[in-house]
Amino acid sequence: MKFCFFLLVFFSFSLQAKLPSSLPNFDNINSILFKDIKDYMFQVLVKTRLYEFDNNCRLYKYQNIRVMNSDRDMLFCLETIVEEEKITQVLRVKIDNQKAGNIKLIHEGEKRKAISFDQFINFQIGPPAKGAKTSFFFDHSTFGLIIDRRRNEEILKAFMQLDDFKIEITEDGLINNRYRNYLLTCGSCEGISWLKVQEDDSQLRYFSGSSATEVTPSHFGELMGFFIIRPFSQLGSQFKDALVFELNWPGLD
């Protein structure tokens, strides 16, 4: 009898719906955002030679033999400030002795943890753990990403100066009755900009539009790709382009 009861409980939990992990969430959003810049930095560092280094700075010599006038001196200096409630890391970059952007990463919360020099310059910036908050800022184009997981309602905000572009993700609810909202706002946005996936016990429901109209999972997936994943990927690409075309970071072609 006890065994039957155990099986009933086990299957009741196993059949309960879960918010799909394939949708943009707090664990995978960084990989979407930083994909282009990670690929770019990998290709750049393959073509560099570490010339000078100490505990805080590294000077790389970049040369692409296939491109004329491609030589660059790339100086990265990382400062880490540990305070009682937060850790602030600032990566200052100079290209050929000219300022080429400051990148700031702030860690807050009980599980805050600084990242290494190698992780920073390779943009291997993972998501914060539950109970922590990370904030990423790039000063040149007013670019930022904030993920706050310190409270039950988890919040993500990404923004860039271009077109007042913002993407927000919020998630909240009980263990088996959670929801996740996606909101895209920008000066030139048209059409649907709000999406929601909701977990009601053993059922997943999908909504879109300001009137909270329920839609099919396939239609929701199409809207998600167009209104959230595609703009978020473009945000990361614009970040990389700002480094190359506006701040003289090495071009690869």
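Refer to the structure presented above.
Residues numbered from 1 in each chain as written. Predicted model: local features only at pLDDT ≥ 70, side-chain atom pairs only at ≥ 80, totals over all residues. Heavy atoms only, no water.

Hey, could you run me through the overall build of the protein chain in this one?
What the protein chain contains, in helices and strands, is five helices and 13 strands. The burial tally for the protein chain puts 43% of its 253 residues in the buried class. When the accessible surface of the protein chain is split by element, carbon and sulfur atoms take 53% of a total near 14300 Å². (Helix = DSSP H or I, 4+ residues; strand = E, 2+ residues; numbered from the N terminus. Buried < 20%, exposed > 50% of the residue type's maximum accessible area, 1.4 Å probe, protein only. Areas by Shrake-Rupley, 256 points an atom, 1.4 Å probe, with all protein chains shown as cover.)

Would you explain the pattern of salt bridges in this entry?
A side chain of one charge can pair with a side chain of the opposite charge if their charged atoms are brought near each other. For the coordinates displayed, the defined rule picks out 17 salt bridges. When the shortest N-O distance is used, the salt bridge between Asp118 and Arg58 registers 2.7 Å. Here Asp118 is found in helix H4 (residues 117-121), whereas its partner Arg58 is found in strand E2 (residues 57-62), with 60 residues between them in sequence. Here Arg58 falls in the buried class, since its relative accessible area comes to 17%. Where Lys240 meets Asp241, a salt bridge forms, and the shortest distance between an N and an O atom there is 3.7 Å. Residue Asp241 is classed as partly exposed on the basis of its relative accessible area of 28%. Linked by salt bridges that have partners in common, Asp27, Lys130, Arg149, Glu154, Glu171, Arg178 and Arg180 make up one network. (Salt bridge = Lys/Arg side-chain N within 4 Å of Asp/Glu carboxyl O.)

For this particular structure, what's the right way to read the pairing of strand E8 (residues 154-160)?
In regular strands, side chains alternate between the two faces of the sheet. Burial of the side chains of E8 is restricted to one face: Glu154, Leu156, Ala158 and Met160 are buried, whereas none of Ile155, Lys157 and Phe159 on the reverse face is. Note that strand E7 (residues 143-148) and E8 share five bridges and pair antiparallel. Within the sheet, the bridge partner assigned to Leu145 lies in E8 and is Ala158. (Pairing = 2+ DSSP bridges.)

When you look at the state of the cysteines in this model, what are you seeing that I'm missing?
Simply put, the disulfide is a covalent bond whose two ends are the sulfur atoms of two cysteines. Applying the stated rule across the entire model yields one disulfide. Two residues, Cys57 and Cys77, share a disulfide whose sulfurs are 2.1 Å apart. Linking Cys57 and Cys77, the disulfide has an S-S dihedral of approximately 110° and is accordingly described as right-handed. Within this pair, whereas Cys57 is found in strand E2, its partner Cys77 is found in strand E3 (residues 72-82), the two being separated by 20 residues in sequence. According to the relative accessible area criterion, Cys77 is buried, its value standing at 19%. (Disulfide = S-S within 2.5 Å.)

Looking at this model, I keep getting lost on the packing of aromatic side chains. Mind explaining?
Think of a pair of aromatic rings as described by two things: how far the centres are apart, and how the planes are tilted against each other in angle. Taken as a whole, this structure holds nine aromatic pairs when the rule is applied. An angle of 80° between the planes, with centres 6.0 Å apart, marks the rings of Tyr60 and Phe76 as edge-to-face. With Tyr60 in strand E2 and Phe76 in strand E3, this pair connects stretches of sequence that are 16 residues apart. What makes Phe76 buried here is its relative accessible area of 1%. (Phe/Tyr/Trp six-rings, centres within 6.5 Å; stacked < 30°, edge-to-face > 60°.)

Is there a simple way to explain the side chain of Arg58 in this structure?
At a separation of 3.2 Å, a polar atom in the side chain of Arg58 contacts the side chain of Tyr60. A polar contact of 2.7 Å, which involves the side chain of Arg58, links it to the side chain of Asp118. The residues touching Arg58, leaving out its near neighbours within four places in the chain, are Leu50, Glu52, Phe53, Met74, Leu75, Phe76, Phe117, Asp118 and Ile121. (Polar contact = N/O pair within 3.5 Å; in protein donor to acceptor, adjacent residues only side chain to side chain. Contact = heavy atoms within 4.5 Å.)

Could you clarify how one ought to interpret unusual backbone geometry in this entry?
For residues that are not glycine, phi is negative in most cases, and the peptide bond is trans in most cases. Positioned with a positive phi, Asp96 is a non-glycine residue whose angle comes to about 50°. Mapping Asp96 onto the fold places it in the loop between strand E4 (86-95) and strand E5 (98-109). A positive phi angle is found at Asn97, which is not glycine, with a value near 65°. For Asn97, the position within the fold is in the loop between E4 and E5.

Hey, could you run me through the nonpolar core in this one?
Within the largest apolar cluster, 58 residues are counted, with the highest numbers of intra-cluster contacts made by Phe76, Phe136, Phe239 and Trp249. Looking at which element gives the most residues to this core, the answer is helix H5 (residues 217-247), with 12 residues. Setting aside chain neighbours within four positions, we find Phe239 in contact with Phe34, Ile37, Ile103, Phe123, Phe136, Phe138, Phe143 and Met160. (Core = buried A, V, L, I, M, F, W, Y, C linked by side-chain atoms within 4.5 Å.)

Is there a simple way to think about the pairing of strand E1 (residues 48-53) in this case?
Pairing geometry for E1 and E2, over five bridges, is antiparallel. Bridging from a neighbouring strand, Phe53 pairs with Arg58 of E2. A loop of three residues connects E1 with E2, the two strands running antiparallel in sequence.

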